[in-house]
Amino acid sequence: MAATVMESNILLVQTDNYPVGQWNGKGTTPNLQSIVLGRCHDYTEIVNPSVGKKNCSEIWEAFLKAFVSKDPCSILPADYELYINLTFHDIPSSKSLFWENNKLLVHRYSDKTKRFMPLGDTLTGWLVDTLNWCGLASNPGLDYGSCPTTTDCENNPQESFWRIASVNYARHSSGDVQIMLNGSTPGGAFPVP
């Protein structure tokens, strides 16, 4: 069974016929477009209206063009530059919060940008946090069967996205910068590369 939607010259195809288990990660989150667009409107109108008016459809298209119809192991951070630019907004001085191995605690503590603004609470991160996504080089649609993880290849869609998003976030942080580490993790608070 397949559902096909034509969206601004990009064909999205969802089908049960994709090979399952090609990669080690979960496939693209179902209804990805609806989720991203809904989160965009929610963020700009309710969560943090101070970011101003953003074109959510343009943001979605920039996000999709970064990885769709490409080899999912050849996605570079630079592929997301347009998305990063379209979702950019100022991070209030002394509100940056970096973290490692304690995401749930960090997001509870930040209180949806009220206390601090970690990367996942910026528009850039908010739209895709906790979601999975990848495309296929041989198909203009999304791969709902499986997506590569870092064990499959380093230049996968999600790893490359979070790399450029993190660098951009760090560049625009100012004032006192907070960091929250989890010292209880096996191996200590700092990840070993």
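Scroll up for the structure.
These figures come from a predicted structure and were not determined experimentally. (Residues numbered from 1 in each chain as written. Predicted model: local features only at pLDDT ≥ 70, side-chain atom pairs only at ≥ 80, totals over all residues. Heavy atoms only, no water.)

1. What to know about the pairing of strand E6 (residues 139-142)
- Examined bridge by bridge, strand E5 (residues 135-136) and E6 share 2 bridges and lie antiparallel to one another. Opposite Leu136, over in E6, you have Asn139 as the bridge partner.
- Hairpin remark: E5 followed by E6, antiparallel, with 2 residues in the connecting loop. (Pairing = 2+ DSSP bridges. Helix = DSSP H or I, 4+ residues; strand = E, 2+ residues; numbered from the N terminus.)

2. Some remarks on the state of the cysteines
- The final tally for this structure, using the stated rule, is 3 disulfides.
- For Cys73, the disulfide goes to Cys153, at an S-S distance of 2.1 Å. Residues Cys73 and Cys153 are joined through a disulfide that is left-handed, its torsion about the S-S bond being -80 degrees. Placement of the pair is Cys73 in the loop between helix H2 (56-65) and helix H3 (81-87) and Cys153 in the loop between strand E7 (146-147) and helix H6 (157-171), with a sequence separation of 80 residues. (Disulfide = S-S within 2.5 Å.)

3. Quick word on the pattern of salt bridges
- Taken as a whole and assessed by the stated rule, the structure comprises 2 salt bridges.
- The salt bridge partner of Lys70 is Asp79, with a shortest N-O separation of 3.9 Å.
- We note a salt bridge from Arg163 to Glu159, for which the minimum N-O separation is 3.8 Å. Of this pair, Arg163 and Glu159 both sit in helix H6, 4 residues apart, which is roughly one turn of that helix.
- Since its relative accessible area comes to 27%, Arg163 is described here as partly exposed.
- Glu159 gets classed as partly exposed once you look at its relative accessible area, which sits at 29%. (Salt bridge = Lys/Arg side-chain N within 4 Å of Asp/Glu carboxyl O. Buried < 20%, exposed > 50% of the residue type's maximum accessible area, 1.4 Å probe, protein only.)

4. A few points about H6
- Compared with the 21 Å implied by 1.5 Å per residue over 15 residues, the 21 Å span of H6 between its first and last C-alpha is a close match.
- For H6, every residue scored as buried is listed here: Pro157, Gln158, Ser160, Phe161, Ile164, Ala165, Asn168 and Tyr169. Along the axis of H6, the buried positions cluster into a sector of 165 degrees, meaning they face one direction only.
- Looking at the buried side of H6, the elements it contacts are H3, strand E4 (97-100), helix H5 (123-126) and E7. (Expected span 1.5 Å × (residues − 1). Arc of directions from axis to C-beta. Contact = heavy atoms within 4.5 Å.)

5. Side note on the environment of Val177
- With respect to the helices and strands, Val177 occurs in the loop between H6 and strand E8 (178-181).
- For the pair formed by Val177 and Leu97, sequence separation is 80 residues and the distance between their alpha carbons is 6.2 Å.

6. Description of the nonpolar core
- Grouped together as the largest cluster of nonpolar side chains are 36 residues, with contacts concentrated most on Phe63, Phe67, Tyr80, Tyr83, Leu127 and Trp133.
- Of all the secondary-structure elements, those providing two or more residues to this core are helix H1 (32-47), H2, H3, H5 and H6. (Core = buried A, V, L, I, M, F, W, Y, C linked by side-chain atoms within 4.5 Å.)

7. Some remarks on unusual backbone geometry
- Even without being a glycine, Asn31 presents a positive backbone phi close to 60 degrees.
- Positionally, Asn31 belongs in the loop between strand E3 (25-26) and H1.
- One non-glycine residue, Ser69, adopts positive backbone phi at about 60 degrees.
- Considering the arrangement of structural elements, one finds Ser69 in the loop between H2 and H3.
- Overall, the relative accessible area of 35% leaves Ser69 in the partly exposed class.

8. Details of the environment of Ile84
- Considering the arrangement of structural elements, one finds Ile84 in helix H3.
- Counting along the chain gives 21 residues from Ile84 to Phe63, while the straight-line C-alpha distance between them is 8.7 Å.
- Residues contacting Ile84, with those up to four places away along its chain left out, are Thr124, Ile164, Ala165 and Asn168.

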